[in-house]
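Examining the three-dimensional arrangement
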Amino acid sequence: MAGMRLYHRWKCPWCAAARQAIENVGAPVELVEVPYDRAERDEVERVSGQRRVPVLLDGDEVVVDSRRIVRHLYSRHGDGSFARSIAELDADIAADGEPDAPGDG
Ligand SMILES: N[C@@H](CCC(=O)N[C@@H](CS)C(=O)NCC(=O)O)C(=O)O
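Not measured: the values here are computed from a predicted model. (Residues numbered from 1 in each chain as written. Predicted model: local features only at pLDDT ≥ 70, side-chain atom pairs only at ≥ 80, totals over all residues.)

**A closer look at the packing of helix H3 (residues 66-77) against helix H4 (residues 83-96)**
Any two packed helices are characterised by how steeply their axes cross, that is the angle between the axes, and by the distance between the axes. For the pair H3 and H4, interaxial distance at closest approach is 10 Å and the crossing angle is 150 degrees. Classified by the angle between their axes, H3 and H4 sit roughly antiparallel to one another. Considering only the axes of H3 and H4, their crossing is left-handed. Residues Arg 67, Arg 68, Val 70, Arg 71, Tyr 74 and Ser 75 of H3 pack against Ser 85, Ile 86, Leu 89, Asp 92 and Ile 93 of H4. When the residues that make up the contact of H3 with H4 are grouped by side-chain class, the tally is five nonpolar, two polar and four charged. (Axes fitted to C-alpha atoms, helices over the stretch in contact; angles between N-to-C directions. Helix = DSSP H or I, 4+ residues; strand = E, 2+ residues; numbered from the N terminus. Parallel < 35°, antiparallel > 145°, perpendicular 65-115°, else oblique. Left-handed = near helix turned anticlockwise from the far one by under 90°. Contact = placed C-beta atoms within 7 Å. Nonpolar A, V, L, I, M, F, W, Y, C, P; charged D, E, K, R; others polar.)

Next comes the structure, spelled out in structure tokens:
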């Protein structure tokens, strides 16, 4: 199975949430810092169809949005201790609907 990769920025708080979840599950993830200017994020666009970070690649799965990334890491790479967090994330994600459309914000 191919390793995981996180496209992120160190100063981005949503990316910090994704990095914390990586640390919590103890999974190896390659961190790739993207340019501040979203016009220069062509690789993020190519892999995910939008230019915001964080974006997680896990094998051939692409996960966009920090809460979806945390949920993915907990459910795929965590143990039973993350069950409550997964349920809370599911409720949050359901309440908010889909992530913002590409190009927003
Ligand atoms: N709802 C998204 C927000 C992510 C987000 O806004 N990321 C910022 C970096 S801190 C970004 O990529 N902004 C560039 C843009 O909006 O084009 C999440 O939770 O992951």
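Okay, back to it.
**Points about the site of the ligand**
Taken together, 12 residues surround the ligand, and among them Cys 12, Trp 14, Arg 38, Arg 52 and Ser 66 come closest. Across the shell around the ligand, the residue classes tally to five nonpolar, two polar and five charged. (Near = placed C-beta within 6 Å.)

**A short note on the pairing of strand E2 (residues 29-33)**
Both strand E1 (residues 4-8) and E2 contribute to a ladder of five bridges, which runs parallel. Counted as the bridge partner of Met 4 is Val 29 from E2. Assessed by its sense of winding, the connection that carries the chain from E1 through helix H1 (residues 13-25) to E2 is right-handed. (Pairing = 2+ DSSP bridges. Right-handed = clockwise from strand over helix to strand, strands pointing away.)

**What to know about the nonpolar core**
Core analysis: the biggest nonpolar cluster contains 20 residues, and Leu 6, Ala 18, Ala 21, Leu 56, Ile 69 and Val 70 have the highest contact counts within it. Those elements that place two or more of their residues in this core are E1, H1, strand E3 (55-58), strand E4 (61-64) and H3. Val 70 has contacts with Ala 17, Ala 18, Ala 21 and Leu 89, leaving out every residue within four places of it along the chain. (Core = buried A, V, L, I, M, F, W, Y, C linked by C-beta atoms within 7 Å. Buried ≥ 20, exposed ≤ 12 C-beta atoms within 10 Å, placed from the backbone.)

**Here's the deal with the sheet that holds E4**
With mixed pairing, four strands are arranged side by side in an open sheet as E2-E1-E3-E4. Lying at the two open borders of the sheet, with one neighbouring strand each, are E2 and E4. Direction aside, neighbouring strands of the sheet carry axes that sit 20 degrees apart on average. Packing of H1 onto the sheet brings it into contact with E1, E2 and E3, and relative to E1 it is tilted by some 155 degrees.

**A short note on H1**
Helix length check: H1, at 13 residues, gives a terminal C-alpha distance of 19 Å against a target of 18 Å (1.5 Å per residue), a fit within 8%. The set of residues buried in H1 consists of Cys 15, Ala 18, Ala 21 and Ile 22. Seen end-on, H1 carries its buried residues on one side only, within an arc spanning 115 degrees. Of the residues in H1, the exposed ones pointing more than 90 degrees away from the buried face are Pro 13, Gln 20 and Glu 23. Elements that come into contact with the buried residues of H1 comprise E1, E2, E3 and H3. Just downstream of H1, Gly 26 is the residue with a positive phi angle, here 70 degrees. (Expected span 1.5 Å × (residues − 1). Arc of directions from axis to C-beta.)

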